[in-house]
Amino acid sequence: MAVMKKIDGGVCAATGFTAGGIRCGIRPNQTKKDLALIFSEVPCQAAGVFTKNRVKADPVQLDQENLRDGIAQAVIANSGIANACAPHGRQAAVRMGQIAAERLGIPAENVMVCSTGIIGQDLDTDVIASQIGTLVLRRDGALEAEEAIMTTDTRPKMTAYSFTAGGKTCRIGGICKGAGMIHPNMGTMLCFITTDCAVSSAMIRKALQEDVRVTFNRVSVDGDTSTNDTCLVLANGLAGNAVITEEDADYAAFRDALRQVMQDLAVMVAADGEGATRLLTVHVQGAKDEETAEKLASAVCQSTLTKAAMFGADANWGRVLCACGYSGAEFDPQKADIAFRSAAGEIAVCAHGQGLAFDEDLARKILSQDAVVIEIRLPDGGGDVCCWGCDLTYDYVKINGEYRS
């Protein structure tokens, strides 16, 4: 793996990108920012992955059409209204792209349009048109853009890295929103990643599909997959490296940097699950292969009973083993060991499929930390996978019971 260095800047870390965010009043009863814009000074090679839900928001369908040529230069995104299943959804999505294109002086087909929020309501594009002129694009505008796409998120999600390709220093960074309706099949969120690395849209698409499988597709908060899931990667090539067009060492460096950005954001999404009090990492090691390990880890991550036990700091390891048992993965329960780990230490609770005597007070202390790891150890092979999620709290129900109010 090429050497990577953590840097600041999010989607503005890469050369040639600016961003910003404002409140334009898409939901009049809200006071938060609700419109984001990301712009590259030159056209980009681009690719995206989208929701696998059969019900797709109009912005998703429009972006899929606009990306057929692999070119994009800007992203406009709103929060508050999802523009999904809306009476005039297509018109609103198209107009939103046109508004951004006019503001930036670029073709509308090079604008990616994204929305997040309430499903089924019309999006008022008049307020976007009237306010977009006040949105200032800046080299340090990534946080404003991030704040503008947040809905029930409680904290910003940004990251960036530098890496080397073709002897040139390249930068890649992203912002992401997501807290509820988070489940594999891409992960439910909006995610925008920018890079100044020169790489073809075909290679971006390949790397993105490889990396999403082991990052966003291994996150689950609540088992719901949205209508608006979108992850976009824009590469403007201003780092000056030779264009990556094949699977060589430079491609590997780009893919690994992209994966690190996506993994950072995936973990942030899991940690900020609606109502969550702690991040859960389910780590399966020693499974017979990666697929088996992923099935086991994913089942535990999605287990409502396990998530509830983690909220209560209850070392109810039987729920973990039970979830493994219905995962569909082939393994011998009598060879499974389970432990809980956090900053407060590690405690073994199950060996060879049977319970161990353990210190309940220590276990509660370990499970009361902000981040908890559930370790599942098998002796079958090299399958080693992490999946990420969060606990299930009273606040999750409260947030979603009042979402439209």
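Everything quoted here is computed from the prediction, not taken from an experiment.

### Some details on the overall build of the protein chain
Scanning the protein chain from N- to C-terminus turns up eleven helices and 15 strands. Considered along the principal axes of its C-alpha atoms, the protein chain spans approximately 70 × 50 × 35 Å. Within the protein chain, the fraction of its 405 residues that count as buried is 56%. Counting contacts in the protein chain only where the partners sit at least 6 residues apart, residues at least 24 apart contribute 80% of the total. Summed over its atoms, the accessible surface of the protein chain is roughly 15,800 Å², and 48% of this surface lies on carbon and sulfur atoms. The average position of the 38 basic charges and that of the 50 acidic charges among the side chains of the protein chain differ by 2 Å.

### Considerations on unusual backbone geometry
A positive phi angle, close to 60°, is found at Cys-85, a residue other than glycine. Relative to the helices and strands, Cys-85 is located in the loop between β4 (71-81) and α2 (89-104). Even without glycine at this site, His-352 takes up a positive phi of about 55°. Relative to the elements of secondary structure, His-352 occurs in the loop between β12 (345-351) and β13 (354-355).

### Comments concerning the pairing of strand β10 (residues 279-287)
Among the nine residues in β10, eight count as buried, and that is most of the element. As paired strands, β10 and strand β14 (residues 371-377) are joined by seven bridges and run parallel to one another. Bridge pairing in β14 links Thr-281 to Val-373. Inspection of the sheet shows β10 paired to strand β15 (residues 383-390) by eight bridges, in the antiparallel sense. Directly across from Gln-285, in β15, lies its bridge partner Asp-384.

### Side note on helix α4 (residues 142-149)
Taken together, the buried positions of α4 are occupied by Ala-142, Ala-145, Glu-146, Ala-148 and Ile-149. On an axial view of α4, the arc spanned by its buried residues comes to 160°, and they lie on one face.

### Some points on the environment of Leu-208
For Leu-208, the position within the fold is in helix α5 (residues 201-214). On a C-alpha basis, the gap between Leu-208 and Asn-29 in space is 37 Å, while along the polypeptide they are 179 residues apart.

### Some details on the sheet that holds β14
One open sheet accounts for six strands, arranged β13-β12-β11-β14-β10-β15; its pairing is mixed. Two strands bound the open sheet, and with one partner strand each, they are β13 and β15. Taken together, the two bridges between β12 and β13 define a ladder with antiparallel strand orientation. In the sheet register, Ala-351 faces β13, and the bridge partner there is Gln-354. On top of the sheet, helix α9 (residues 317-325) reaches β11 (337-342), β12, β13 and β14; it is set at about 125° to β11, its chief contact. Sitting on the sheet, helix α10 (residues 360-367) is in contact with β11, β12 and β14, with an inclination near 120° to β12.

### What about the confidence of the model for the protein chain?
Per-residue pLDDT for the protein chain has a mean of 92; in total, 94% of the residues score no lower than 70. Confidence drops under pLDDT 50 across residues 180-188; counting only partners more than four residues distant or on other chains, this segment forms 49 contacts.

### Details of α2
The end-to-end C-alpha separation of α2 is 23 Å, in line with the 22 Å expected for 16 residues at 1.5 Å each. Where α2 is concerned, the buried positions are Gly-89, Ala-92, Ala-93, Met-96, Gly-97, Ile-99, Ala-100, Ala-101 and Leu-104. Turning to α2, the residues buried within the fold contact β3 (35-50), α1 (58-66), β4, β5 (111-118) and α3 (125-131).

### Some thoughts on a negative patch on the surface
Together, Asp-314, Asp-359, Glu-360 and Asp-361 make up a region of like negative charge exposed at the surface. With respect to the secondary-structure elements, Glu-360 resides in helix α10. Here Glu-360 falls in the partly exposed class, since its relative accessible area comes to 48%.

### Side note on the pattern of salt bridges
Applying the stated rule across the entire model yields 23 salt bridges. Lys-157 serves as the salt-bridge partner of Asp-153, at 2.7 Å between the closest nitrogen and oxygen. Across this residue pair, the class does not change: Asp-153 and Lys-157 are buried. Residue Glu-291 is joined to Lys-295 by a salt bridge in which the shortest nitrogen-to-oxygen separation is 3.9 Å. Of the two residues, Glu-291 and Lys-295 are both situated in helix α7 (residues 290-302); the distance of four residues between them amounts to about one turn of the helix. Counted as one network, the salt bridges with shared partners bring together Lys-206, Glu-210, Glu-247, Arg-255 and Asp-256.

### Details of the packing of aromatic side chains
Taken as a whole and assessed by the stated rule, the structure comprises one aromatic pair. On the basis of an interplanar angle of 85° and a centroid distance of 5.2 Å, the ring pair of Phe-311 and Tyr-394 is categorised as edge-to-face. Of this pair, Phe-311 sits in helix α8 (residues 304-311) while Tyr-394 is found in helix α11 (residues 394-401), placing the two residues 83 residues apart along the sequence. With a relative accessible area of 27%, Phe-311 lands in the partly exposed category. Judged by relative accessible area, Tyr-394 falls into the exposed class, the value being 68%.

### Notes on the nonpolar core
In this structure, Phe-163, Ile-172, Ile-193, Phe-216, Phe-254 and Leu-258 are the most contacted members of the largest nonpolar core, which totals 39 residues. Among the elements that take part in this core, helix α6 (residues 249-271) stands out by supplying twelve residues, more than any other. If we ignore the near neighbours within four places in the chain, the residues touching Ile-172 are Ala-160, Tyr-161, Phe-163, Ile-193, Thr-194, Thr-195, Phe-254, Ala-257, Leu-258 and Val-261. Ranked by size, the runner-up nonpolar core spans 35 residues in total, among them Val-320, Ala-329, Ala-363 and Ile-366.

Conventions adopted
- Residues numbered from 1 in each chain as written.
- Predicted model: local features only at pLDDT ≥ 70, side-chain atom pairs only at ≥ 80, totals over all residues.
- Heavy atoms only, no water.
- Helix = DSSP H or I, 4+ residues; strand = E, 2+ residues; numbered from the N terminus.
- Buried < 20%, exposed > 50% of the residue type's maximum accessible area, 1.4 Å probe, protein only.
- Contact = heavy atoms within 4.5 Å.
- Areas by Shrake-Rupley, 256 points an atom, 1.4 Å probe, with all protein chains shown as cover.
- Lys, Arg positive; Asp, Glu negative; His and termini not counted.
- Charge placed at Lys NZ, Arg CZ, Asp CG, Glu CD.
- Pairing = 2+ DSSP bridges.
- Arc of directions from axis to C-beta.
- Axes fitted to C-alpha atoms, helices over the stretch in contact; angles between N-to-C directions.
- pLDDT = per-residue confidence, 0-100.
- Expected span 1.5 Å × (residues − 1).
- Patch = residues over 30% accessible without salt bridge, like charges linked within 9 Å, V, L, I, M, F, W, Y side chains within 5 Å.
- Salt bridge = Lys/Arg side-chain N within 4 Å of Asp/Glu carboxyl O.
- Phe/Tyr/Trp six-rings, centres within 6.5 Å; stacked < 30°, edge-to-face > 60°.
- Core = buried A, V, L, I, M, F, W, Y, C linked by side-chain atoms within 4.5 Å.

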